[in-house]
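# Working through the structure, step by step
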Amino acid sequence: MGSQQNSPWLQWLPRRSDAVLVMGTFYHFVREHHMLAMVEEALAKRSMTLNLSYFEMAQVPHLLTSLSDVRKLYLHNNKLTILPNDMTFMKSLCTLTLDYNRLTKLPSPLGAFKQLVCLNISYNPIKSLSPEVGDLLSLEVLWLNHTELQVLPPEIGKLINLDTLGARGNNIKELPDEMGNLERLRWLTLENNQIKEIPSTFDNLSNLVHLNLNHNKITSIPTVLTAVKGMKYVMMIHNHISAISPITFQEIAHLKKLDLRGNSLPSQLVIECKNYPNIVTNEEDTETVQQNSDSESEDWEESVPSSEIDLSESSDDEREVNDIVAAMLPKVSKFAATGC
């Protein structure tokens, strides 16, 4: 038995820690070369869509900036800390997802992305947004959730084609008056900030349908609720509202739902709200509003976090390569662990 333990060939068997290291190294090698191969293939085929999400890459391959034909580029869920300014040469980009990375700024000049329609930079420590964001004149969808922003630049009011704006989970205390210029805006979510007041210029947001102001510090019903007659859903859970004027009840009759749960409403006002089926002050009211709402409008009712929206696309070739790599990894794991 002792002679077997001292057999020279045993020293060649991989230890468990070595096996894990070998497997990890191989996995990173395969993943990186798979990613580079996808970029090269996209360049050769002049692809219009490229999905490089979930590759754990820390930097963008230089070759990527040569893809002048790509219209949809998905770089979310990586470890990117910086983007090369050469990315602005990708002038055909319409969709760019950068959420769940480690970016602190965006490439410059942003105005070079003249065709950009959808931009997602959520879950990055951006902290401040460059005024250049106002140069993205074709932008229709902008996600800024959980980016540690403290202010929105006034230049955001230049995005006159904006339809959807999400800036939840930040440290925003004030909103620029210029946001009132976003007359095509239909969906706005500012949940979980430090906002105390909504500018009166919001009364000009004539196409606004959904407004999420949950978990802020607003003390009164914003005038935008009464001014914009096309608005349907307003969420104001956990603010500091303690009073509603009698005339306001009549002026918000067009709303399908005004959710005021978690505010400091006096008991008499809560009783008064029960006369208006579109106002929610507790869970029982929620059930009543749901019964009265039509199915076609349900998509507008709840605000969906950007993390739950997957806009990415994969080609058949990309899926085939992914399947091959996935099939190889168990075999490599067995080899690394047993040596055979």
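## Side note on the confidence of the model for the protein
Taken residue by residue, the protein gives an average pLDDT of 85. The fraction at 70 or more is 75%. pLDDT under 50 marks residues 332–337. Its contacts with residues more than four places away, or in other chains, come to 11 contacts.

## With respect to the packing of aromatic side chains
Evaluation of the coordinates by the stated rule reveals two aromatic pairs. Ring centres of Y100 and Y123 lie 4.3 Å apart, and the angle between their planes is 10 degrees; on these two criteria the pair is classed as stacked. On the criterion of sequence distance, the pair formed by Y100 in the loop between β3 (95–97) and β4 (118–120) and Y123 in the loop between β4 and β5 (141–143) is long-range, its members being 23 residues apart. What makes Y100 partly exposed here is its relative accessible area of 28%. Measuring from centroid to centroid gives 4.7 Å for F249 and Y276, while their planes differ by 10 degrees, and the two rings are stacked.

## Some details on the environment of P61
Mapped onto the elements of the fold, P61 is located in the loop between β1 (49–51) and β2 (72–74). With a relative accessible area of 12%, P61 lands in the buried category. Distance from P61 to P84, taken between C-alpha atoms, is 9.4 Å for residues 23 residues apart in sequence. Beyond its immediate sequence surroundings of up to four residues, P61 is in contact with M35 and L36.

## A look at the sheet that holds β3
Strand order in the open sheet formed by 11 strands is β1-β2-β3-β4-β5-β6-β7-β8-β9-β10-β11, and the pairing between neighbours is parallel. The outermost strands of the open sheet, each flanked by one partner alone, are β1 and β11 (279–280). Here three bridges tie β1 to β2, and the two strands are oriented parallel to one another. Counterpart to L50 in the pairing with β2 is L73.

## A few points about the side chain of N216
By secondary structure assignment, the location of N216 is in the loop between β8 (210–212) and α3 (224–227). By relative accessible area, which is 4% here, N216 ends up buried. At a separation of 3.3 Å, a polar atom in the side chain of N216 contacts the main-chain amide nitrogen of N193. Contacts of N216, omitting those with residues within four sequence positions, involve L190, E191, N192, N193, Q194, I195, H238, N239 and H240.

The rules behind each value
Residues numbered from 1 in each chain as written. Predicted model: local features only at pLDDT ≥ 70, side-chain atom pairs only at ≥ 80, totals over all residues. Heavy atoms only, no water. pLDDT = per-residue confidence, 0-100. Contact = heavy atoms within 4.5 Å. Phe/Tyr/Trp six-rings, centres within 6.5 Å; stacked < 30°, edge-to-face > 60°. Helix = DSSP H or I, 4+ residues; strand = E, 2+ residues; numbered from the N terminus. Buried < 20%, exposed > 50% of the residue type's maximum accessible area, 1.4 Å probe, protein only. Pairing = 2+ DSSP bridges. Polar contact = N/O pair within 3.5 Å; in protein donor to acceptor, adjacent residues only side chain to side chain.

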